[in-house]
Amino acid sequence: MKLRPEEITSILKDRIEHYDVETDLAEVGTVLQVGDGIARAYGLENAVALEMLEFEHGVVGLAFNLEEDDVGTALFGEWQHVKEGEPVRRTGRVASVPVGEALLGRVVDPLGNPLDGGGPIETSETRLLEFKAPGVVARQPVKEPLLTGIKAIDAMTNVGRGQRELIIGDRQTGKTTIGIDTILNQKDTDVKCIYVAIGQKASTVAQVYELFRDRGAMDYTTIVSAAAQEAAPIKWMAPFAGCAMGEHFLYNRGHALVIYDDLSKHADAYRQLSLLLRRPPGREAFPGDVFYLHSRLLERACKLSDENGGGSLTALPIVETQAGDVAAYIPTNVISITDGQIYLESDLFFSGVRPAINVGISVSRVGSSAQTKAMKKVAGRLRLDLSQYRELEAFAQFGSDLDEATRNALARGERMVALLNQPQYQPWPIEEQVVALYAGVNGYLDDIPVNNVPRFVEELVEHLRAESTILEEIRESGDLSDEVATRLGEEITKVLESFHVEEADSLVG
């Protein structure tokens, strides 16, 4: 067999041209120090902020401090197994979470892992944990109501789609209940809900899940849980993960509601994380950027302009106060970021006012632009009546001889407080709220004993459900025309007459 040099040459040239070595270049560093869920790694000069890093034993890290000599990393998982001198690899991926319709009905941790035993979550979509909030031009004013189903809130401190309304108060004053009621009230609407539990007991989260499941609310709700026993990085991550899940609907022309329960524990977790990373402490040992932590989270809630799809993300952050001190560091920070606050007061709560909203301090900075026309008409005088009542109530404790106008104002105020009382987990449709408030502000309740007001309002609503089209007209038009108001007054008078007959019969009996 004769060898031809030109043939051998062509084969060699072809092989050289098509020669391809699969190289796997990974930037690998070394663990310098590890402890308390924090690791310092050397040799990762090109790491970026919030990049996911791979450690041994299946532990994942998040690059927080990008320093000259090392990278300060928060660890997730069984970090106790990580030892000094072990390798650490860059992944090139910035922290993100799974998002999409597949998460509705599920309980997940901030990393997107299921906690409800319902199998893996089938979604390929992810969103970055930290995402720049839309600018001024990309937004539009908040003018569409997001109804909570709570009379006192929808009438006086109403929430609009795209708003950030703070719920603030001492522990055990009903803050979480307002959030839960709002989620229950989104049934049969196009609003998807995300409930973020930060540092809550696992048993409390389980109770919330069972309540949502029994009421059919899990069909449109995701629960993100960072339980009390979890490490600080998981608690820090929870609200950002919940916000990213809500942003999926915001940027896909949908509407979402996120409840952060609560940001006091979130700030505490961030303080712990920052101190372990040796960041300089400031007031109350919080790091200097704790304000920025919450502002960049809450600023992501907005109503997009029609050119950008018109989607909305509404945020209801919850903050716990100590002994009613709204001037503390974290409460004042969050108050300054949000578009209003609902302040719940312990004294009102223990005196039987539920929800225990202090009308004087509570405010919605969006105002009546995010209310239906019907609610605007009946709720205009309500806030003034209640504020006067609170002032006169304090004054009346000292004065025995009160003039008739003061006595009337006190009597009206007592009945309005009784009217606004509402049991938990029983949200009211907007048209029923309107007719109840109409009866109160127009003096129809003035002759009814205070303890009978709730029973009268129930009978009124039952009567209107059964006998007239008034509720339907208010619901469909969103307005209370003069003609409907006249008919409503006639119906209230009828119920009032039969109610007084019942009262008389019970007294005789």
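For the structure itself, consult the block above.
What you are looking at is a predicted structure, and each value in this text was computed from that prediction instead of being measured.

**Section: the pattern of salt bridges**
Consideration 1: Applying the stated criterion across every chain, the model contains 28 salt bridges.
Consideration 2: Between E67 and R40 there is a salt bridge, and its shortest N-O distance comes to 3.6 Å. Of this pair, E67 sits in the loop between β4 (60-66) and β5 (70-76) while R40 sits in strand β2 (residues 38-42), and the two are 27 residues apart along the sequence.
Consideration 3: Owing to a relative accessible area of 39%, E67 belongs among the partly exposed residues under this scheme.
Consideration 4: Notably, a salt bridge pairs E483 with R487, separated by 3.0 Å at the nearest N-O pair. With E483 and R487 both in helix α16 (residues 482-508) and four residues apart, the pair spans about one turn of that helix.
Consideration 5: Of the residues examined, E483 reaches a relative accessible area of 45% and is grouped as partly exposed.
Consideration 6: Among the ionic contacts, a cluster of salt bridges with common partners joins R139, R164, E299 and D339.

**Side note on the environment of I178**
Consideration 1: Structurally, I178 is set in helix α3 (residues 175-184).
Consideration 2: Given a relative accessible area of 3%, I178 falls into the buried group.
Consideration 3: As a C-alpha pair, I178 and I337 span 159 residues in sequence and 20 Å in three-dimensional space.
Consideration 4: In this view, I178 contacts I150, I153, I167, I342 and L344; residues no more than four positions away in its chain are not counted.

**Some words on the nonpolar core**
Consideration 1: Of all hydrophobic cores here, the largest spans 79 residues; its most connected members are I183, F212, L382, L437, F456 and L480.
Consideration 2: A per-element tally of this core places helix α13 (residues 430-441) first, with eight residues.
Consideration 3: Among all residues touching L382, those that are not within four sequence positions of it are A155, M156, M416, L420, L437 and V441.
Consideration 4: Membership of the second largest hydrophobic core comes to 58 residues, among which are V99, L263, L297 and I335.

**Section: the sheet that holds strand β3 (residues 51-54)**
Consideration 1: Pairing is antiparallel in the closed barrel, where six strands are placed in the order β1-β2-β5-β4-β3-β6. Recorded for the sheet is a direction-independent mean angle of 45° between the axes of neighbouring strands.
Consideration 2: Here β3 runs beside strand β6 (residues 87-94); their pairing, made up of three bridges, is antiparallel. The residue of β6 that forms the bridge with E51 is V94.

**A look at the state of the cysteines**
Consideration 1: Counting across every chain of the model gives zero disulfides.
Consideration 2: Its sulfur unpaired, C302 is 9.3 Å from the next cysteine sulfur, which belongs to C243.
Consideration 3: Judged by relative accessible area, which is 1%, C302 ranks as buried.

**Overview of unusual backbone geometry**
Consideration 1: Cis rather than trans, the peptide bond between D261 and D262 has omega equal to 0°.
Consideration 2: Mapped onto the elements, D262 comes out in the loop between β13 (255-261) and α6 (263-276).
Consideration 3: Here the amide bond leading from R354 into P355 is cis, since omega sits at 0°, within 30 degrees of zero.
Consideration 4: Counting through the fold element by element, P355 comes out in the loop between α9 (346-350) and β16 (363-364).
Consideration 5: Residue L50 is not a glycine yet carries a positive backbone phi of 60°.
Consideration 6: Here H57, not a glycine, exhibits a phi torsion of approximately 65°, which is positive.

**Let's talk about the packing of α13 against helix α15 (residues 470-477)**
Consideration 1: Across the interface, α13 lies against α15 with an axial gap of 8 Å and an inter-helix angle of 115°. As α13 runs across α15, the sense of the crossing is right-handed. In this structure, α13 contributes E431, E432, V434 and V435 to the contact, and α15 contributes L471, I474 and R475.
Consideration 2: By residue class, the composition of the contact of α13 with α15 is four nonpolar, no polar and three charged.

Conventions and cut-offs
- Throughout, residues of each chain are indexed from 1 in the direction in which the sequence is written.
- Thresholds applied to this predicted model are a pLDDT of at least 70 for local features of residues and 80 or more for the giving and counting of side-chain atom pairs; totals over whole chains, interfaces and linings are not thresholded and use all residues.
- The side-chain quantities take in all heavy atoms of the structure and omit both hydrogens and water.
- The term salt bridge refers to a side-chain nitrogen of Lys or Arg lying within 4 Å of a carboxyl oxygen of Asp or Glu.
- To qualify as a helix, a DSSP run of H or I must reach at least 4 residues; to qualify as a strand, a run of E must reach at least 2; elements of each kind are numbered from the N terminus.
- Throughout, exposure labels follow a simple rule: accessible area from a 1.4 Å probe, protein chains only, divided by the maximum for the residue type, with under 20% read as buried, over 50% as exposed, and the rest as partly exposed.
- Only heavy atoms matter for contacts: two residues are in contact if any of them lie within 4.5 Å across the pair.
- In these notes, a set of buried Ala, Val, Leu, Ile, Met, Phe, Trp, Tyr and Cys residues joined through side-chain atoms within 4.5 Å is what counts as a nonpolar core.
- Two strands pair if DSSP finds at least two bridges between them.
- Axes here refer to lines fitted to C-alpha atoms; in helices the fit is confined to the stretch in contact. Angles between the N-to-C directions go from 0 to 180 degrees.
- Throughout, a disulfide means two cysteine sulfur atoms within 2.5 Å of one another.
- Left-handed describes a crossing whose near helix is turned anticlockwise from the far helix through less than a right angle; right-handed describes the clockwise counterpart.
- Three categories are distinguished: nonpolar for Ala, Val, Leu, Ile, Met, Phe, Trp, Tyr, Cys and Pro, charged for Asp, Glu, Lys and Arg, and polar for the others, with Gly belonging to the last.

So, to be careful, I would describe these as geometric facts and stop short of saying anything about function.
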